[in-house]
Amino acid sequence: MPLVTTKEMFKKAYEGGYAIGAFNVNNMEIVQGITEAAKELNAPLILQCSAGARKYAKHEYLVHLVQAAIEDTGLPIALHLDHGADFETCKSCIDGGFTSVMFDGSHYDFKENIEKTKQVVEYAHAHGVVVEAELGQLAGIEDDVKVAAHEAHYTDPAEVEEFVTKTGVDSLAIAIGTSHGAYKFTPDQCTRNEDGILVPPPLRFDILEEVAKRLPNFPIVLHGASSVPQEFVKIINENGGHMPDAVGVPEDQLRKAASMAVCKINIDSDLRLAMTAGIRKHFNEHPDHFDPRQYVADGRANIKALVAHKIKDVLGCNGKA
Ligand code: G3H
Ligand code: 13P
Ligand code: ZN
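What you see is a predicted model; the values in this text were computed from it and never measured.

Structural notes on the coordination of the zinc ion (ligand 3)
Line of reasoning, step 1. Looking at the zinc ion (ligand 3), one finds its protein donor set to be H83 (NE2), H180 (NE2) and H223 (ND1), positioned 2.0 to 2.1 Å from the metal centre.
Line of reasoning, step 2. Here the donor residues of the zinc ion (ligand 3) are spaced in sequence according to H-x96-H-x42-H. Note that H83 is positioned in strand β3 (residues 77-84) and H223 in the loop between β12 (220-222) and α9 (230-238), a separation of 140 residues in sequence. Grouping residues by exposure puts H83 and H223 together as buried.

What about the UniProt feature "binding site: Zn(2+) 2" (unreviewed entry) in the protein chain?
Line of reasoning, step 1. UniProt's feature table lists "binding site: Zn(2+) 2" (unreviewed entry) at D104 and E134, given in the numbering used throughout. Spanning 31 residues, the annotated positions come together in the fold, the maximum distance between their C-alpha atoms being 5.7 Å.
Line of reasoning, step 2. Turning to its location among the elements, D104 is positioned in the loop between β4 (100-103) and α6 (110-126).
Line of reasoning, step 3. For D104, a relative accessible area of 5% corresponds to the buried category.
Line of reasoning, step 4. One can find E134 in strand β5 (residues 130-135).
Line of reasoning, step 5. Relative accessible area serves as the criterion here: at 1%, E134 is assigned to the buried category.
Line of reasoning, step 6. Setting aside residues up to four positions removed in sequence, E134 forms contacts with H83, M102, F103, D104, S106, N113, F163, L172, A173 and H223.

Criteria and thresholds
- Residues numbered from 1 in each chain as written.
- Chains lettered and ligands numbered in written order.
- Predicted model: local features only at pLDDT ≥ 70, side-chain atom pairs only at ≥ 80, totals over all residues.
- Heavy atoms only, no water.
- Donors = N, O, S within 2.8 Å, 3.2 Å for Na, K, Ca; no water.
- Helix = DSSP H or I, 4+ residues; strand = E, 2+ residues; numbered from the N terminus.
- Buried < 20%, exposed > 50% of the residue type's maximum accessible area, 1.4 Å probe, protein only.
- UniProt positions renumbered as here; feature names shortened; annotations may be inferred.
- Contact = heavy atoms within 4.5 Å.

Rendered as structure tokens:
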């Protein structure tokens, strides 16, 4: 099975009322944890790399790790560039074996976003690669750059048809209240439940519904869709970490989005928490250990369990490979 694009995956996901998980990968153990879970559950996968991942692990290593995962699992896997900042970055991934790229022009004005996205679409489509674009802007951390809450803005549904028609994109990321990172909402945006855990405001499903009405059968993407599992935050905090008031998107809302027009759900922060919780706990319990295979394996096991849970209970894509 070679790398695939997301075209067929999204068509089936849209019709079936489920979503594909797009998991960020940065090293071998992250790739293994994700793909071992997907293999056991026969789930299609998108593995995505940010500019930061390409800088950290190098492009060729990432491509070969993902190819090894395909050989190992036999699963349909798409390799996607996450948040491509410019044409050159997208081109380098298209030329370098990726099957999908995101051009993120969300910080440009509408007209400029269309022009720049269109340029990427033309090159990508000529090479058999699909393109995701973004309208509206999420808050949070992206590639170490913080987009403040006051700079973020929801997607305007009135713009989506013109954007998709003029650019020719294959999928569209929209802003409906998610944000990047492990601190998605400030305490004053939330209420607290009886255990003192922050409860965030609901996503703007009205915007998603309106976008879906204007773009029938068109795959929508949700960025910033980690749920920040509190069990991992607790383990981190109990084992020398300090992550007060980390909070994510409630999983029931992600499940609802997956049953609607959302076909791709981006998860990175939850993988980081899973890995960090595993390693911190391991160090605390085994202060004498110094072999990375011992402690990184615990992070990888946490990632596998997390991804299995996402596939079954949030995305609903088990058995769909
Ligand atoms: O959307 C951003 C992703 O979480 C990637 O993060 O740029 O730190 O690799 P990164
Ligand atoms: P999280 O920070 O919520 O995991 O979002 C990841 C993401 O959107 C990658 O593009
Ligand atoms: Zn993102």
